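Letter by letter, the chains look like this.
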Amino acid sequence: GENVEQHPSTLSVQEGDSAVIKCTYSDSASNYFPWYKQELGKRPQLIIDIRSNVGEKKDQRIAVTLNKTAKHFSLHITETQPEDSAVYFCAAPPRGSNYKLTFGKGTLLTVNP
Amino acid sequence: KAGVTQTPRYLIKTRGQQVTLSCSPISGHRSVSWYQQTPGQGLQFLFEYFSETQRNKGNFPGRFSGRQFSNSRSEMNVSTLELGDSALYLCASSPDGVRPNEKLFFGSGTQLSVL
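Residues numbered from 1 in each chain as written. Chains lettered and ligands numbered in written order. Predicted model: local features only at pLDDT ≥ 70, side-chain atom pairs only at ≥ 80, totals over all residues. Heavy atoms only, no water.

Q: Got a sec to walk through the state of the cysteines? Specific residues and values, please.
A: Under the criterion given, the structure shown has two disulfides over all chains. Disulfide pairing is shown between Cys23 of chain A and Cys90 of chain A; the S-S distance is 1.9 Å. A torsion of -95° about the S-S bond marks the disulfide between Cys23 of chain A and Cys90 of chain A as left-handed. Taken together, the residues Cys23 of chain A in strand E3 (residues 19–25) and Cys90 of chain A in strand E9 (residues 86–92) connect sequence positions 67 residues apart. Taken individually, Cys23 of chain A and Cys90 of chain A each receive the classification buried, so the pair is uniform in this respect. Here Cys23 of chain B pairs with Cys91 of chain B through a disulfide, and the sulfurs are 1.8 Å apart. The disulfide joining Cys23 of chain B to Cys91 of chain B has a torsion of about -55° about its S-S bond and is therefore left-handed. One end of the pair, Cys23 of chain B, is in strand E3 (residues 19–24); the other, Cys91 of chain B, is in strand E9 (residues 87–94), and 68 residues separate them in sequence. (Disulfide = S-S within 2.5 Å. Helix = DSSP H or I, 4+ residues; strand = E, 2+ residues; numbered from the N terminus. Buried < 20%, exposed > 50% of the residue type's maximum accessible area, 1.4 Å probe, protein only.)

As structure tokens, this is what we get:
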């Protein structure tokens with residue numbers, strides 16, 4: 001099945017700095033790559049996603065890049081703010097599945113004021 | 001529009017008991033998925049339902065089961081509870097019946113503690 005590895009597991013940055021979280025996936029047939037943000041005690045929320053026919057997607061201060069050859073995708077957050085502090089999860093669908101996602105183990109991002 | 005609603009928010013059970021968790025999806029969403037979240041394993045897929053049919057199941061023992069009703073509400077049942085079943089159980093609904101793993105809207109979850 002699909003294996004999604006996420007790095008780093010924790011990341012601490014100063015407010016205003018950039019943060020980058022990277023995920024690698026094993027199934028070359030995966031075609032959809034979302035990122036979810038989960039604040040402490042709250043539900044995971046989709047923040048950005050990308051399909052395999054696109055190399056990069058931006059939404060204000062966040063962006064996702066995809067390298068299909070290397071089978072990795074990354075979340076980039078610029079001008080970080082304290083409210084960006086949360087656990088971020090990447091995910092990818094296992095081969096042939098439109099029904100489920102395999103999630104990475106998560107990255108705890110702390111933005112220090 | 002109301003979000004995904006899960007009840008109860010917290011549950012404490014003892015080993016051997018069974019438990020039923022409930023999920024009401026966003027109005028109009030017909031796909032409901034369930035995930036188990038633990039600190040060690042992260043989010044793991046349990047099953048997905050659409051139009052009262054289970055279309056996909058994750059690698060969990062048969063003690064984990066679910067169902068979906070005609071109004072798209074879903075329930076999940078765990079029988080013969082084990083200590084390792086302690087986790088946050090998340091329900092998610094999707095507006096896309098063809099690719100329900102996209103645009104997931106999660107509920108706040110039910111925190112199950114097994115003593």
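Back to the write-up after that little detour.
Q: Go over empty space enclosed by the protein with me, naming the residues and quoting the values.
A: Any space left empty among the atoms is revealed by the rolling of a water-sized probe across them. One pass over the full model with this rule turns up one cavity of 30 Å³ or more. Quantified by volume, the largest cavity comes out at close to 30 Å³. Lining the largest cavity are Asn31, Tyr32, Arg51, Ser97 and Asn98 of chain A together with Arg99, Asn101 and Glu102 of chain B. (1 Å grid on protein atoms, 1.4 Å probe; cavity = no way out; pocket = protein on both sides within 12 Å on 5 of 7 lines; lining within 4 Å. Points joined across faces, edges and corners; volume = space filled by probe spheres on them.)

Q: How would you sum up the pattern of salt bridges? Please name residues and give values.
A: Enumeration according to the criterion identifies 12 salt bridges over all chains in this entry. Two residues, Asp49 of chain A and Lys103 of chain B, come together in a salt bridge whose shortest N-O distance is 2.7 Å. Highlighted residues: Asp49 of chain A in strand E5 (residues 45–51) and Lys103 of chain B in the loop between E9 and strand E10 (105–106), drawn from two different chains. Here Asp49 of chain A falls in the buried class, since its relative accessible area comes to 6%. Its relative accessible area of 36% is what places Lys103 of chain B among the partly exposed residues. The salt bridge partner of Arg99 of chain B is Glu102 of chain B, with a shortest N-O separation of 3.9 Å. Taking the relative accessible area as the measure of exposure, Glu102 of chain B reaches 8% and is therefore buried. (Salt bridge = Lys/Arg side-chain N within 4 Å of Asp/Glu carboxyl O.)

Q: So what's going on with the sheet that holds strand E8 (residues 74–78) of chain B? Which residues, and what values?
A: All names here are of chain B. Read across the sheet, four strands follow the order E1-E3-E8-E7 without closing on themselves; strand pairing throughout is antiparallel. Two strands bound the open sheet, and with one partner strand each, they are strand E1 (5–7) and strand E7 (64–68). Strand-to-strand twist of the sheet, defined as the mean angle between neighbouring strand axes without regard to direction, takes the value 20°. As paired elements, E1 and E3 share three bridges and run antiparallel to each other. Each bridged residue has a counterpart across the sheet, and for Thr5 the counterpart in E3 is Ser24. (Pairing = 2+ DSSP bridges. Axes fitted to C-alpha atoms, helices over the stretch in contact; angles between N-to-C directions.)

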